[in-house]
Amino acid sequence: MTLRKINAVIGLVTALLLIDHAGFYTVWMLSRGSIAKSADNMPMILACLVLVHALLSIAILVRDRRGAKIQTLESQTPKTQAPKTYPKQNIPTYIQRISGVLMLVLLGFHIAGKVTSFQPAILHAIIQPVFFAAALAHISVSVSKSMITLGIGTAKIIKIIDIVMAVICGVILVAALIGFHLCFFKGVTA
Ligand code: HEM
Ligand code: HEM
């Protein structure tokens, strides 16, 4: 459980840094690059935290999967009894895992976009919006889960956090897509 709690704290800190990064760069894109970027290396700190968190999360999933397998073998439960599944309740977990893998695959392209000024254009026209959506979808379902892992908040508070996160991430995503296409088709003024 300790590893999961450490990962929950790292996930929460990373979520705050991501909202700061995505929030700022969305306004920057909407301004077509006319507002000054802060010269600090926060984006790189964000990228490093994401990689630490991703490795920890994968380690937790592998460990849990191994644990579940051993348990099944030990309990010798007959094969015919298929375990109950709750597909509707599992949707946030599917979103969390699929968006996590997508981010891991596309993060390099995201950073390369800055270095190459989003060339080749056709590649970045597809990859950057998908990356933005994956990152924001991931945190919109994950922040409440980390509160549960850390034992913070009641069921009502968790529900409120889910709604607030969905609204914040939805607004940032729509604004980021508008800003990205503004920069893409009208160019950056800086
Ligand atoms: C900005 C990037 C990211 C942020 C802010 C973030 C944040 C979070 C948070 C807050 C949680 C909940 C922790 C909990 O349930 O206790 C979480 C869980 C998870 N994240 Fe991320 N994450 C990010 C990127 C990634 C990436 C790139 C991966 C790729 C593997 C990933 C995979 C996972 C997985 C598998 C879980 C579930 C872990 C579990 O079941 O305990 N995340 N993330
Ligand atoms: C896992 C999440 C993310 C990570 C780790 C990340 C990391 C980075 C890094 C390292 C850079 C290069 C910064 C520099 O050298 O100046 C960057 C640039 C940028 N990021 Fe992100 N980012 C993430 C998510 C997002 C999201 C969700 C958005 C938008 C909603 C976004 C928008 C931008 C923009 C517009 C740039 C600047 C490109 C330029 O200067 O031309 N990023 N990001």
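What you see is a predicted model; the values in this text were computed from it and never measured.

Trainee: Mind laying out the pattern of salt bridges, listing which residues take part and the relevant values?
Mentor: Counted according to the given criterion, the structure contains two salt bridges. The salt bridge partner of D64 is R4, with a shortest N-O separation of 2.4 Å. Of the two residues, D64 sits in helix α2 (residues 42–75) while R4 sits in helix α1 (residues 2–30), which places them 60 residues apart along the sequence. The exposure class of D64 is partly exposed, given its relative accessible area of 29%. The exposure class of R4 is partly exposed, given its relative accessible area of 31%. What emerges from the salt-bridge pattern is a single network uniting R4, R63 and D64.

Trainee: Lay out a nonpolar patch on the surface in plain terms, naming residues and giving numbers.
Mentor: A cluster of nonpolar side chains, namely I91, Y94, I95, I98, L102, F109, I122, L123, I126 and V130, defines an oily patch on the protein surface of about 890 Å² accessible area. The leading source of residues in the nonpolar patch is helix α3 (residues 87–115), at six residues. Within the element layout of this structure, I126 appears in helix α4 (residues 121–149).

Trainee: Go over the coordination of the iron atom of ligand 1 with me, naming the residues and quoting the values.
Mentor: Distances from the iron atom of ligand 1 to its protein donors, namely H53 (NE2) and H138 (NE2), fall within the range 1.9 to 2.1 Å. In this structure, the iron atom of ligand 1 is surrounded by six donor atoms whose angles at the metal cover 88 to 179°, and the resulting shape is octahedral. One end of the pair, H53, is in helix α2; the other, H138, is in helix α4, and 85 residues separate them in sequence. The exposure classification of H53 matches that of H138, with both residues buried.

Trainee: Please give an account of α1 that cites residues and values.
Mentor: Residue pairs spaced three or four apart in an α-helix point in one direction, given the helix's 3.6 residues per turn. Across its 29 residues, α1 extends 41 Å between first and last C-alpha, which sits within 8% of the 42 Å expected from 1.5 Å per residue. When we look at burial in α1, the residues that qualify are N7, A8, I10, T14, A15, L17, L18, H21, A22, T26, W28 and M29. The positive-phi residue at the C-terminal boundary of α1 is R32, with phi of around 50°.

Trainee: Now, about the side chain of H124: what can you tell me, with residues and values included?
Mentor: Mapped onto the fold, H124 is located in helix α4. Owing to a relative accessible area of 2%, H124 belongs among the buried residues under this scheme. When sequence neighbours within four positions are dropped, the list of residues in contact with H124 reads F109, A112, G113, T116, F118, Q119, P129 and F180.

Trainee: Residue-level account of the coordination of the iron atom of ligand 2, with values.
Mentor: Each protein donor to the iron atom of ligand 2 is listed here as H21 (NE2) and H110 (NE2); together their distances run 2.0 to 2.1 Å. If you look at the iron atom of ligand 2, its six donor atoms make angles of 89 to 180° with each other, and the shape they trace is octahedral. With H21 in helix α1 and H110 in helix α3, this pair connects stretches of sequence that are 89 residues apart.

Trainee: An account of the site of ligand 2 is requested, with residue identities and associated values reported.
Mentor: Near ligand 2 lie 22 residues; those nearest to it are H21, K37, H110, K114 and F131. The separation between a nitrogen atom of ligand 2 and a polar side-chain atom of H21 is 2.8 Å. Between ligand 2 and K114, the relevant distance is 3.2 Å, taken from an oxygen atom to a side-chain nitrogen or oxygen of the residue. Secondary structure elements with two or more residues in the shell around ligand 2: α1, α2, α3 and α4. The leading source of residues in the shell around ligand 2 is α1, at seven residues. A breakdown of the residues in the shell around ligand 2 according to their chemical character gives 17 nonpolar, three polar and two charged.

How each quantity is defined
- Residues numbered from 1 in each chain as written.
- Chains lettered and ligands numbered in written order.
- Predicted model: local features only at pLDDT ≥ 70, side-chain atom pairs only at ≥ 80, totals over all residues.
- Heavy atoms only, no water.
- Salt bridge = Lys/Arg side-chain N within 4 Å of Asp/Glu carboxyl O.
- Helix = DSSP H or I, 4+ residues; strand = E, 2+ residues; numbered from the N terminus.
- Buried < 20%, exposed > 50% of the residue type's maximum accessible area, 1.4 Å probe, protein only.
- Patch = residues over 30% accessible without salt bridge, like charges linked within 9 Å, V, L, I, M, F, W, Y side chains within 5 Å.
- Areas by Shrake-Rupley, 256 points an atom, 1.4 Å probe, with all protein chains shown as cover.
- Donors = N, O, S within 2.8 Å, 3.2 Å for Na, K, Ca; no water.
- Tetrahedral: all angles 85-135°; square planar, octahedral: opposite > 155°, others 65-115°.
- Expected span 1.5 Å × (residues − 1).
- Contact = heavy atoms within 4.5 Å.
- Near = heavy atom within 4 Å.
- Polar contact = N/O pair within 3.5 Å; in protein donor to acceptor, adjacent residues only side chain to side chain.
- Nonpolar A, V, L, I, M, F, W, Y, C, P; charged D, E, K, R; others polar.

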